[in-house]
Amino acid sequence: MDKEMKIYGVTGLFNTPDEIIKAAKETSSTYKKFDVNTPYPVHGMDDAMKLKPSKLGFITLGFGLTGAAFALLFMYWSMSINYPMIIGGKPFFALPAFIPITFELTVLFATLATIIGMLTFFFNFPFNKHPLHDTEYMKSTSNDKYGICIESEDEKFNESEVIKFLKNLGANKIETIYYKEEIIPTVFTTKFITFLIIVFILVSGGTYYTLNKLLYIVPFNWMAEQDRVNVQSASTFFKDGFGMRMPVKGTVSRELIPYVYAGQMQQPENPIVNPLPSTKEVLELGKKKYNTFCSPCHGNFGDGDSRLRGQFPNPPSLHSTKVREWKDGNIYHVITNGQNVMPSYASQLSSDERWAIINYIRALQRAKNASETDIQLVQKGTTK
Amino acid sequence: MNIDYANEAPVVEGRLSISEIEELIASPIDWKVDRNFKIALSITLTFLLIGAVCLGLSFYWGIGLWGNNQPVGWAVPIVNFVFWVGIGHAGTLISAILFLLRQKWRTGIARFAEAMTIFAIMCAGIFPLIHTGRPWLAGYLFPYPNQHSLWINFTSPLVWDVFAVSTYFTVSLVFWYIGLIPDFATLRDRTFSKVKKTIYSIFSLGWRHSHRNWQHYEKAYTLLAGFATPLVLSVHTIVSFDFAVSILPGWHTTIFPPYFVAGAIFSGFAMVETVLIFVRKIFHLEQIITLNHIEKMNKIILLTGTMVGYAYGMEFFIAWYSGNPAEQFVFLNRAFGPYTWAYWIMVSCNVIFPQLFWFKKIRRTIPISFIIIILVNVGMWFERFVIVVTSLHRDFLPSSWGYYKPTLYDMGILLGSFGLFFTLVVLFTKFMPVVSISEVKAVAEGAQPSHHGDSN
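Owing to the predicted nature of the structure, the values given are computational and were not obtained by experimental measurement. (Residues numbered from 1 in each chain as written. Chains lettered and ligands numbered in written order. Predicted model: local features only at pLDDT ≥ 70, side-chain atom pairs only at ≥ 80, totals over all residues. Heavy atoms only, no water.)

**Student:** When you look at the overall build of chain B in this model, what are you seeing that I'm missing?
**Tutor:** When its secondary structure is counted, chain B shows 15 helices and 0 strands. Radius of gyration (C-alpha) of chain B: 23 Å, near the 23 Å computed for a compact globule of 456 residues. In terms of its C-alpha atoms, chain B occupies a principal-axis envelope of roughly 80 × 55 × 45 Å. For chain B, with 456 residues in total, the buried portion stands at 58%. Long-range contacts, defined here as pairs at least 24 residues apart, represent 81% of the contacts in chain B between residues at least 6 apart. Just so you have it, chain B exposes about 18400 Å², and 70% of that area is on carbon and sulfur atoms. (Helix = DSSP H or I, 4+ residues; strand = E, 2+ residues; numbered from the N terminus. Rg over C-alpha atoms; globule rule 2.2 N^0.38 Å. Buried < 20%, exposed > 50% of the residue type's maximum accessible area, 1.4 Å probe, protein only. Contact = heavy atoms within 4.5 Å. Areas by Shrake-Rupley, 256 points an atom, 1.4 Å probe, with all protein chains shown as cover.)

**Student:** I tried to follow the pattern of salt bridges on my own but got confused; where do I start?
**Tutor:** Should their charged atoms come close, side chains of opposite charge can pair. Residues and elements named next belong to chain B. Per the counting criterion, the structure on display carries 19 salt bridges over all chains. As a salt-bridge pair, aspartate 30 and lysine 196 come within 3.2 Å of each other at their nearest N and O atoms. In this pair, aspartate 30 is assigned in helix 1 (residues 18-30) and lysine 196 in helix 6 (residues 194-204), connecting sequence segments 166 residues apart. The exposure class of aspartate 30 is partly exposed, given its relative accessible area of 42%. Note that arginine 334 and glutamate 315 form a salt bridge whose closest N and O atoms lie 3.5 Å from each other. With a gap of 19 residues between them, arginine 334 in helix 10 (residues 325-336) and glutamate 315 in helix 9 (residues 291-322) connect regions that are remote in the sequence. Here glutamate 315 falls in the buried class, since its relative accessible area comes to 5%. Bridged by salt links that share partners, the residues Glu22, Glu23, Arg190 and Lys441 form one connected network. (Salt bridge = Lys/Arg side-chain N within 4 Å of Asp/Glu carboxyl O.)

**Student:** Looking at this model, I keep getting lost on the interface of chain B and chain A. Mind explaining?
**Tutor:** By a frequent convention, interface size equals the accessible area lost on bringing the separate parts together. Contacts between the two partners involve 74 residues from chain B, matched on the other side by 77 residues from chain A. Taken together, both faces of the contact between chain B and chain A bury some 6700 Å²; the carbon and sulfur share is 66%. Interface area lost by chain B to chain A is led by Arg208, His211 and Arg212 of chain B, which between them contribute 11%. Here chain B is connected to chain A by 1 salt bridge. At the junction of chain B with chain A, the criterion picks out 26 residue pairs in polar contact (both at pLDDT 80 or more). (Buried area = accessible area lost by both parts, 1.4 Å probe. Polar contact = N/O pair within 3.5 Å; in protein donor to acceptor, adjacent residues only side chain to side chain.)

These figures capture arrangement, not role.
Laid out in structure tokens, this is it:
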């Protein structure tokens, strides 16, 4: 026998379950470090081997309770504290509705912990290099024999005595199992590090590719790139070529106040009166709406300096004497009905918004054509 | 675990020795790939391919290819989901509930039924995912930290379903694998091929049949069975909540959870028996999966079929007893409306034909049993069809009533799910022991000590 080989233990085989029970009983009264190998669990063996009850249940209990507590607390935190939301009239902490998930997570935690705990903590698995593997003994107990193995770690172990002991029990095929003490290789071999690097590259590359490329190709992008008409774009579908549609004829908006001179080309004799005061809020609204709807053609300050680079005829300045002398109702008439190439804005601006724009235009006019008194007021800081 | 096996009829017929049992179960794995295997696999793969093509087209063009539309938005995909989840339940029932009830005849069929559970949940899982239209975004179903601090709605039955089905799959897989570890060790010690030995070694994790391990192993098995039992009941209960928690007449009933669980076991046993009838013949396992097994499964089918029949009746009674005209309309419409054909297929396949199992002769005649259980499989698919479609197709507004018809794509995907299921079954029978070797050895005659450790 090789000098480096050490004895693991001595094994013996038995043919019937009755024999193995008897042998286990006898062995357990003499030796402590021994094991019984049977192709299936033999009943009564726990007592025969004098084994203490399995403590596996404690792992199950501990992790089961952890799962339940985690599920309940997490749902409580997310639905009552982090983002409280009332759903279906239930309270924030809707215990009955939390029960199903609590139960599922309890089961999941408990079972996984039981199995992983048993395999790693109780069994020390995976353990394919155990000395008993690939022995005749293992092959027989895997099939239909019942074996007993007295290990060399036992205090009373003595090879010849153990062989005699087993012979007396009636065991056949008594065998001494040897093993080579192996130096456990360090984890950080080149192979393992290469493996880690490859895993890292595959996982990070795969994640990057999925999130940044894959989800942007057909058909995954079909929610983002739909067949639709964008605002202000042309359409070949409608006869007039416009993507945006006019309201159906006769459509009345909710805040509509009918304009008495609607559709009349000339300026009215008695233009209607501006109902809005020139307050700060009104001017702010007017400024916003003016900048959105009027400024592309009339310019930011009403000078008629269009931003459209000749794509549309430039309108006249709003600071002409004619416009300055107009009543508010005259400007309202133009915005509502349109004039020359300027279309009506009645469908895009409510009447209040139109009046607000007019107030803002008045402010622009006063600023552009300020009188001496205005300048003095500004310098005093009391402009009204 | 001390049970008196002394005075029971033998589970394994023919007084096989323990090594003969092992030979019988493990040798088919070493058989050469034969013609029958190739034919079976090519048929199942063809079905799978049809399903894959239909699914690919559905992904490319969108789920408008299916028949789902207002008012029937939950149509065949959800029918298929409930159908397949139900099939899975028999496996856990056999492996866990019958284990706790100390029914040792379960050992012959438990492994196979557990494998079918796993494959059935795989098939089931496809359907809710594809029904969302964009399954690649399914990660949103799980709570994950995000910059909106937005969480999923934990009070929704649909979210319960996600947790229930994924837990069920994980636990079933673990349960199945734990049962396989000793068998992998046995196969490892049997084989002479180096490749096979390496594979079996990896999966057996180095199992040594040590009794110090068996002790914890049996404990773990009992604990797992204890958890799997309420789990399996919870899963189909939660699936039924998907319907019952809504306020739709026809779905909003408290009988749904027990009714769904009974139906699930009913359909699951039918599917297990359908496949086992072939497996025992092909692999010559008649002595391990005996006629007694078939008879016992037929009894369970009779029992659960009758329970399902009771539920059908009780639904009508409650609809009448509630005095709610909407409820009454839905149930009358179910039985005598446009889908009357589906309703009566369901009732005859699920309630009427299984009553033949009252006769012992029929229970023990395989061809007749086979016809009846095929009808049960069909009937249970129609049960889900009836529940989903007939409740939806005529809602409160008569102006939006409709008649749902599945398209070819719907049926192609259903066929594909059968293809996936049977492909996995065929591969399983080829590469793994279809019956638990160690469990059957343990219940063979003379396998346990005669005096339970009192021998001296």
